[in-house]
Every structure is written in C-alpha cells, then in structure tokens.
Amino acid sequence: MIGYKILTKDGLKGPYQKASLIKAITSAQVPLQARLLDLETGRYLSAAELVGEQVDKPARPDKPKT
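Residues numbered from 1 in each chain as written. Predicted model: local features only at pLDDT ≥ 70, side-chain atom pairs only at ≥ 80, totals over all residues. Heavy atoms only, no water.

(A) Structural context of the overall build of the protein chain. Within the protein chain, the secondary structure is distributed over two helices and four strands. Along the protein chain, helices (α) and strands (β) appear in the sequence β-β-α-β-β-α when read from the amino end. Taking 11 Å as the expected radius of gyration for a compact globule of 66 residues, we find that the protein chain reaches 15 Å, considerably beyond that expectation. Overall, the protein chain is about 55 × 25 × 20 Å in size when its C-alpha atoms are taken along their principal axes. When burial is assessed residue by residue, the protein chain has 24% of its 66 residues classed as buried. In the protein chain, the share of contacts with a sequence separation of at least 24, taken over all contacts with a separation of at least 6, comes to 41%. Of the roughly 5,500 Å² that the protein chain leaves accessible, carbon and sulfur atoms contribute 51%. Within the protein chain, the 7 negative side-chain charges are centred at a point lying 4 Å from the centre of the 11 positive side-chain charges. (Helix = DSSP H or I, 4+ residues; strand = E, 2+ residues; numbered from the N terminus. Rg over C-alpha atoms; globule rule 2.2 N^0.38 Å. Buried < 20%, exposed > 50% of the residue type's maximum accessible area, 1.4 Å probe, protein only. Contact = heavy atoms within 4.5 Å. Areas by Shrake-Rupley, 256 points an atom, 1.4 Å probe, with all protein chains shown as cover. Lys, Arg positive; Asp, Glu negative; His and termini not counted. Charge placed at Lys NZ, Arg CZ, Asp CG, Glu CD.)

Everything listed is a geometric property; what it means functionally is a separate question.
Written out as structure tokens, the structure is:
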C-alpha cells in the first residue's frame, strides 16, 4: 500500500499508511502544519488537507499609513 512521508527538519520520515497518519493528526501527535509527501502522486500537502481541516493563518500587521 502506498502511503505518505512526513517532511521534518531532518528529512523525510516514513512511509506511513493514511489511516495511521489520520489517527496521529487527530490525536495531536502530528501538527496540522506538517508537510506530507504523497508517495502515489509525488505531491506535497499539509496534514490539515489530509484530514479536511483548515489552518488559521496568523493575522498580518497593518501597514503604517504614510
């Protein structure tokens, strides 16, 4: 079964099956911001995309008015 690898600062870790990753993401063992490599398509996606969540983006500070 083709799965996913997790991109870490030390490189790619895995492979992991989709069900195992979903369980780890929903139990907060893997952050929603984690980048995953789909081994079937070669495409990167976020852990949030895998579980159908959205990550809140930090608010941008207002630009000073000149």
